[in-house]
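Read off the chains here:
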Amino acid sequence: MAIVYSCNHCGNQIGQLEQKVIDTQSLGWKELSSDERKEMIQYQNNGDIHIKAICEDCQETLENNPHYHELDYFIQ
Ligand SMILES: [Zn+2]
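This section reports on the structure supplied with the text.

## Description of the coordination of the zinc ion
Summarising the metal site, the zinc ion is bound by the protein donors Cys7 (SG), Cys10 (SG), Cys55 (SG) and Cys58 (SG), whose distances to it range over 2.3 Å. With four donor atoms in place around the zinc ion and angles of 105 to 117 degrees between them, the coordination shape is tetrahedral. Mapped onto the sequence, the donors of the zinc ion take the spacing C-x2-C-x44-C-x2-C. With a gap of 48 residues between them, Cys10 in the loop between β1 (2-7) and β2 (13-18) and Cys58 in helix α2 (residues 56-64) connect regions that are remote in the sequence. The partly exposed category is assigned to Cys10, whose relative accessible area is 41%.

Structure below.
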């Protein structure tokens, strides 16, 4: 079972965690509403979990171009 983080904007894979047991509490998911969870977290058929995030490049672009906030929906 793996947790795969990929960038919601450029599609780059940011990171991957191999875990036997996924402790959703430690990932802070309880902070998210169920709608946010549905948006961000996708359960794959093979048991992997794909999480939409933002990579450093896109984060930097966002910080350098604050008006992007108006154009797109960024997940921090
Ligand atoms: Zn990106």
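After that view of the structure, there is still more to cover.
## Let's talk about the sheet that holds strand β4 (residues 49-53)
Reading across from one edge, β2-β1-β4-β3 is the order of the four strands in this open sheet, with mixed pairing throughout. Bordering the open sheet on either side are β2 and β3 (41-43), each of which pairs with just one other strand. Put simply, the sheet's adjacent strands are angled 20 degrees from each other on average, direction ignored. With three bridges joining them, β3 and β4 adopt antiparallel strand pairing. Looking at β4, one finds that Gln42 is bridged to His50.

## Re a negative patch on the surface
Residues Glu56, Asp57, Glu60 and Glu63 make up a contiguous surface patch of negative charge. Here Glu56 shows up in helix α2.

## A closer look at the pairing of β2
As judged from the five bridges shared by β1 and β2, these two strands associate in the antiparallel manner. Note on β2: the bridge partner recorded for Tyr5 is Gly15. In this structure, the hairpin formed by β1 and β2 is closed by a connection of five residues, where Gly11 is found at a positive phi of approximately 85 degrees.

## What to know about the pairing of β1
Alignment of β1 against β4, held across five bridges, turns out to be parallel. Bridging from a neighbouring strand, Tyr5 pairs with Ile51 of β4.

## Description of the side chain of Asp48
Checked against the element boundaries, Asp48 lands in the loop between β3 and β4. Residue Asp48 is classed as buried on the basis of its relative accessible area of 16%. Beyond its immediate stretch of four places on either side in the chain, Asp48 contacts Met1, Ala2, Gln42 and Tyr43.

Analysis parameters
Residues numbered from 1 in each chain as written. Predicted model: local features only at pLDDT ≥ 70, side-chain atom pairs only at ≥ 80, totals over all residues. Heavy atoms only, no water. Donors = N, O, S within 2.8 Å, 3.2 Å for Na, K, Ca; no water. Tetrahedral: all angles 85-135°; square planar, octahedral: opposite > 155°, others 65-115°. Helix = DSSP H or I, 4+ residues; strand = E, 2+ residues; numbered from the N terminus. Buried < 20%, exposed > 50% of the residue type's maximum accessible area, 1.4 Å probe, protein only. Pairing = 2+ DSSP bridges. Axes fitted to C-alpha atoms, helices over the stretch in contact; angles between N-to-C directions. Patch = residues over 30% accessible without salt bridge, like charges linked within 9 Å, V, L, I, M, F, W, Y side chains within 5 Å. Areas by Shrake-Rupley, 256 points an atom, 1.4 Å probe, with all protein chains shown as cover. Salt bridge = Lys/Arg side-chain N within 4 Å of Asp/Glu carboxyl O. Lys, Arg positive; Asp, Glu negative; His and termini not counted. Charge placed at Lys NZ, Arg CZ, Asp CG, Glu CD. Contact = heavy atoms within 4.5 Å.

Shape descriptors only; they carry no functional weight alone.
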